[in-house]
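# Examination of the molecular architecture
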Amino acid sequence: DPTDDIPKPAIQRIEVGKAIVLEGIVFKTGKSTIEPSSEINLMDAFNTLKDNPAIAVEIRGYTDNVGKMASNKKLSLRRAEAVRSWLVMKGIDSRRIAVAGFGPENPIGDNSTPEGRAQNRRIEFFRSK
């Protein structure tokens, strides 16, 4: 079947109970404003959710370790909410999308380098259904 060769979008490929980093989602520094360059990756997430109505996700926001823990937790939650709002405005049922903000918890990069901090500032999609 030739359609087997078409790679599935990342969100569709993840198993229930697993998370993936949604690459290329960028925010203005210290804000929850989504940068326009994020649009193409958000459209991939939107299309996957639209085409697979049984999938439900939790959008998880993370920050680097610069700044206060409390403000980073709030910022990471606002960023996750911004992604959720974007998807809901496009037509995804809000009941399918939960949000959580983890601040600098669970780093995936080295916070002592600019590259590592950039890796840690991320949005993950955790598939809940």
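Right above here is the structure, for reference.
Right, let's walk through the structure included here. Each chain has its residues counted from 1, following the order in which its sequence is written. Owing to the predicted nature of the model, reporting of local features is limited to residues with pLDDT of at least 70; listing and counting of side-chain atom pairs is limited to 80 or more, with chain, interface and lining totals taken over all residues. Values reported for side chains reflect all heavy atoms of the structure, with hydrogen atoms and water molecules removed beforehand.

Moving on to the pairing of strand β4 (residues 123-127). Along β4, five of the five residues are buried, which leaves the element largely enclosed by surrounding structure. Strand pairing is defined by DSSP finding a minimum of two bridges between the two strands. For helices the rule is a DSSP run of H or I covering at least 4 residues; for strands it is a run of E covering at least 2, with both sets numbered from the N terminus onward. Where strand β1 (residues 19-21) meets β4, three bridges bridge the pair, whose relative direction is antiparallel. Paired with Ile-20 across the bridge in β4 is Phe-125. Relative to β4, strand β2 (residues 57-61) is paired through five bridges, and the arrangement is antiparallel. Pairing of Ile-59 across the sheet is with Phe-125, part of β4. For the exposure calls, accessible area comes from a 1.4 Å probe over protein chains only, and a residue counts as buried if that area is under 20% of its type's maximum, exposed if over 50%, partly exposed in between.

Of all hydrophobic cores here, the largest spans 21 residues; its most connected members are Ile-59, Val-83, Leu-87, Ile-123 and Phe-125. Those elements that provide at least two residues to this core are α2 (39-51), β2, α3 (69-90) and β4. Ranked by the residues each element gives to this core, the list is headed by α3, at five residues. We call two residues in contact whenever any of their non-hydrogen atoms come within 4.5 Å of each other. In this view, Leu-87 contacts Leu-42, Ala-45, Phe-46, Leu-49, Ile-59, Ile-92, Ile-97 and Phe-125; residues no more than four positions away in its chain are not counted. Side-chain atoms within 4.5 Å link the members of a nonpolar core, which is a set of buried Ala, Val, Leu, Ile, Met, Phe, Trp, Tyr and Cys residues.

In this section: the packing of α2 against α3. Every axis in this analysis is a line fitted to C-alpha atoms, fitted for helices over the stretch in contact. Angles between the N-to-C directions lie between 0 and 180 degrees. Relative to each other, α2 and α3 sit at 60°, their axes nearing to 10 Å. Taken together, α2 and α3 sit at an angle that is classed as oblique. The way α2 lies across α3 gives a crossing that is right-handed. Along its contact with α2, which presents Glu-39, Leu-42, Met-43, Ala-45, Phe-46 and Leu-49, the element α3 presents Val-83, Trp-86, Leu-87 and Lys-90. Angles below 35 degrees are treated as roughly parallel, those above 145 as roughly antiparallel, those between 65 and 115 as roughly perpendicular, and all remaining angles as oblique. If you view the pair so one helix is near and one far, a crossing is left-handed when the near helix is turned anticlockwise from the far one by less than a right angle, and right-handed when it is turned clockwise.

Within the open sheet, the four strands sit side by side as β1-β4-β2-β3. Their pairing is mixed. Strand pairing shows two members of the sheet lacking a second neighbour, β1 and β3 (97-101), which therefore form its edges. Averaged over all pairs of adjacent strands, the angle between their axes in this sheet comes to 25°, without regard to strand direction.

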